[in-house]
Amino acid sequence: MKNIVILISGRGSNLEALIAARDAGNLPVNIAAVISNRPEAMGLETAQKAGIAAHFINHKAFSSREAFDAALAECIDDFSPDLVVLAGFMRILSEGFVRHYEGRLMNIHPSLLPSFPGLHTHQRALEEGVRIHGCTVHFVTPTLDHGPVIIQAAVPVLESDSEDSLSARVLRQEHLIYPQAVRWFAEDKLTLENGRVRLAAELADHAVLISPEIR
Ligand code: GRF
C-alpha cells in the first residue's frame, strides 16, 4: 500500500474527505502523517483524532522560504511518502522543493485551472460573470497553481450566488475529486507523459465530473 503525507494550513475539510474515503475502504493508502505550518489548523486535531501522526512546523521560525522548505522536506521524508498531498497548504513552495517531489506532489485548487490561479477564486469568478466554475486536482510544478491536470469538477454559477454559496458548491466537489485522484495514484492508474496526465484506459472518460447541483 502506498504511503501519503498530507500538508495543511487550516480547516482541513479535504483532509477529512480523504480520511473518510480511506475509512470507507475507497482509498487504499496509508496516511502516514499530516503536517501543518499553522498551529491552529483544525486539521491537526482531525488527524490526531484519526490516529494519524500530526506535526506542526512554524514557517515564521525560518529566515527564508528555502530554509522552511528544507525543514518541511526533512519532516516529510521521515515518512518515505510515495505521494505528498497539498490540502489547503497556503504556502508558495520553492522550486527546489517542488523538483524534489516531481510527479509525486498533488494539489487541489478551487477553480477550473488555468482560470483563476491564486487567491479569492470564487469572488473573481463572480466578478468575471463566468457561468461555470469548479475545482482542479493537478500535479504541482514550480509555477503557482499550475501543472498537469488529473481531474476537474465543474459547477454552475447562479445569478443568486454569493462568494459563500459558490465556494460551498465547489467544496462539495473538491471532496469527491480529491480522494478520486489520490485513489488513481494509489492504484498506479496515473502516468505523466510529456507533462500531461494519462489515465488508465478504463478511466479515461472519468476525469471530469459535471455537477448540475443548484444549492
Ligand atoms: C480548498 O478550497 C482547496 O481547494 C484550497 O484551499 C481550501 C482548503 O480547504 N487549496 P480545506 O482546508 O481542505 O477545508
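Details of the structure are given in the entry above.
This report concerns the structure included in the present document. Because the structure is a prediction, the values reported are computed rather than measured.

As for the overall build of the protein
Stage number 1. Counting its regular elements, the protein contains six helices and 10 strands.
Stage number 2. When the 215 residues of the protein are sorted by exposure, 47% land in the buried category.
Stage number 3. Taking all contacts inside the protein whose residues are at least 6 apart in sequence as the whole, residues at least 24 apart take part in 64%.
Stage number 4. Roughly 10500 Å² of accessible area belongs to the protein as shown, and the carbon and sulfur atoms make up 51% of that amount.

Focus: the packing of helix α5 (residues 121-128) against helix α6 (residues 163-186)
Stage number 1. Put simply, α5 and α6 touch, their axes get as near as 9 Å, and they point 115° apart. What the angle tells us is that α5 and α6 run roughly perpendicular. For the crossing formed where α5 meets α6, the hand is right-handed. Contacts between α5 and α6 involve His 122, Gln 123, Ala 125 and Leu 126 from the former and Glu 163, Leu 166, Ser 167 and Val 170 from the latter.
Stage number 2. Taken together, the residues that form the contact of α5 with α6 break down as four nonpolar, three polar and one charged.

Details of the nonpolar core
Stage number 1. Of all hydrophobic cores here, the largest spans 43 residues; its most connected members are Ile 6, Met 106, Val 137, Ile 150, Val 182 and Leu 190.
Stage number 2. No other element matches α6, which puts nine residues into this core.
Stage number 3. Those residues in contact with Ile 150, other than ones at most four positions away along the chain, are Met 106, Val 137, His 138, Phe 139, Ala 181, Trp 184, Leu 190, Val 197 and Ala 207.
Stage number 4. In this structure, Leu 7, Ala 33, Ile 76 and Phe 97 belong to the second largest nonpolar core, which totals 20 residues.

Some thoughts on the pairing of strand β1 (residues 2-8)
Stage number 1. With respect to burial, β1 is a largely interior element, seven of its seven residues being buried.
Stage number 2. Pairing of β1 with strand β2 (residues 29-36), which is carried by seven bridges, proceeds in the parallel orientation. Following the sheet pairing, Ile 4 is matched in β2 by Ile 31.
Stage number 3. Viewed along the sheet, the connection from β1 through helix α1 (residues 13-23) into β2 turns out right-handed.
Stage number 4. As paired elements, β1 and strand β4 (residues 83-86) share four bridges and run parallel to each other. Opposite Ile 4, over in β4, you have Leu 83 as the bridge partner.

How each quantity is defined
Residues numbered from 1 in each chain as written. Predicted model: local features only at pLDDT ≥ 70, side-chain atom pairs only at ≥ 80, totals over all residues. Heavy atoms only, no water. Helix = DSSP H or I, 4+ residues; strand = E, 2+ residues; numbered from the N terminus. Buried < 20%, exposed > 50% of the residue type's maximum accessible area, 1.4 Å probe, protein only. Contact = heavy atoms within 4.5 Å. Areas by Shrake-Rupley, 256 points an atom, 1.4 Å probe, with all protein chains shown as cover. Axes fitted to C-alpha atoms, helices over the stretch in contact; angles between N-to-C directions. Parallel < 35°, antiparallel > 145°, perpendicular 65-115°, else oblique. Left-handed = near helix turned anticlockwise from the far one by under 90°. Nonpolar A, V, L, I, M, F, W, Y, C, P; charged D, E, K, R; others polar. Core = buried A, V, L, I, M, F, W, Y, C linked by side-chain atoms within 4.5 Å. Pairing = 2+ DSSP bridges. Right-handed = clockwise from strand over helix to strand, strands pointing away.

That is the geometry; function is a separate question.
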